[in-house]
Amino acid sequence: MAKIESGHMDFDQSIFSIKELVESLDFMMEGRVKQKNIDYTFINKNVETKTVFGDEMRLKQVFVNILDNAFKFTDYGGKITFEMEELSKDDSHVVMCFKISDTGCGMSKETKKRIFDAFYQEDTAYSAKRVGTGLGLAITKSIVDMMNGKIRVESI
């Protein structure tokens with residue numbers, strides 16, 4: 001967080017396989033899927049682009065932070081879905097949408113407004129059982145912003 005706030009976060013730019021990045025996430029989450037008997041599904045919605053240029057490790061960090069929260073707040077036997085969709089493409093750019101949804105407990109309207117604030121955590125009996133620093137989503141939002149992306153949350 002200190003690197004982000006001071007403007008010293010570095011980004012490595014390279015060509016990488018978006019498919020391999022997502023497959024590595026599947027492998028990383030496998031133990032948690034089995035542990036909580038989660039129905040974890042990856043959906044590729046018309047993604048034709050094989051390689052992209054950007055910071056693979058930072059993008060992976062974003063996905064891991066969001067997936068960690070999905071697993072943290074989804075009870076045993078729940079469902080988590082990771083969708084990847086190619087929205088548009090030209091000779092030099094591709095616009096992709098990544099959506100992670102879960103059957104977790106949801107969040108209050110106040111939490112939804114503050115979910116990306118550093119150190120903010122919802123104060124309920126349900127969330128008190130889930131351990132964390134309250135930095136994961138703040139860092140995630142900062143990384144997404146610095147990569148000229150957009151992030152949002154919906155909850156019911």
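Please refer to the structure placed before this passage.
About the thresholds
- Residues numbered from 1 in each chain as written.
- Predicted model: local features only at pLDDT ≥ 70, side-chain atom pairs only at ≥ 80, totals over all residues.
- Heavy atoms only, no water.
- Helix = DSSP H or I, 4+ residues; strand = E, 2+ residues; numbered from the N terminus.
- Pairing = 2+ DSSP bridges.
- Axes fitted to C-alpha atoms, helices over the stretch in contact; angles between N-to-C directions.
- Contact = heavy atoms within 4.5 Å.
- Buried < 20%, exposed > 50% of the residue type's maximum accessible area, 1.4 Å probe, protein only.

### Quick word on unusual backbone geometry
Within the chain, N37 stands out as a residue other than glycine whose phi angle is a positive 50°. With respect to the helices and strands, the residue N37 is situated in the loop between helix 2 (18-36) and strand 2 (39-45). The phi angle at N46 is positive, at roughly 50°, despite the residue not being glycine. Note that N46 resides in the loop between strand 2 and strand 3 (51-54).

### Here's the deal with the sheet that holds strand 5 (residues 94-102)
If you walk across this open sheet you meet the three strands as 2-4-5, and the pairing is mixed. For this open sheet the edge positions go to strand 2 and strand 5, each flanked by a neighbour on one side alone. The mean inter-strand angle of the sheet, taken between neighbouring strand axes irrespective of direction, is 10°. Pairing of strand 4 (residues 79-89) with strand 5, which is carried by nine bridges, proceeds in the antiparallel orientation. Note that in strand 5 the partner of E83 across the bridge is K99. Taken strand by strand, helix 2 contacts strand 2, strand 4 and strand 5, and its axis lies near 170° from that of strand 2. Helix 3 (residues 56-73) contacts strand 2, strand 4 and strand 5 of the sheet and is inclined by roughly 20° relative to strand 5.

### Things to note about the environment of K79
Residue placement: K79 occurs in strand 4. The class for K79 is partly exposed, based on a relative accessible area of 34%. Spatially, the C-alpha atom of K79 lies 8.2 Å from that of S101, the residues being 22 residues apart in sequence. Setting aside its immediate chain neighbours within four residues, K79 contacts I38, D39, T41, T74, S101, D102 and T103.

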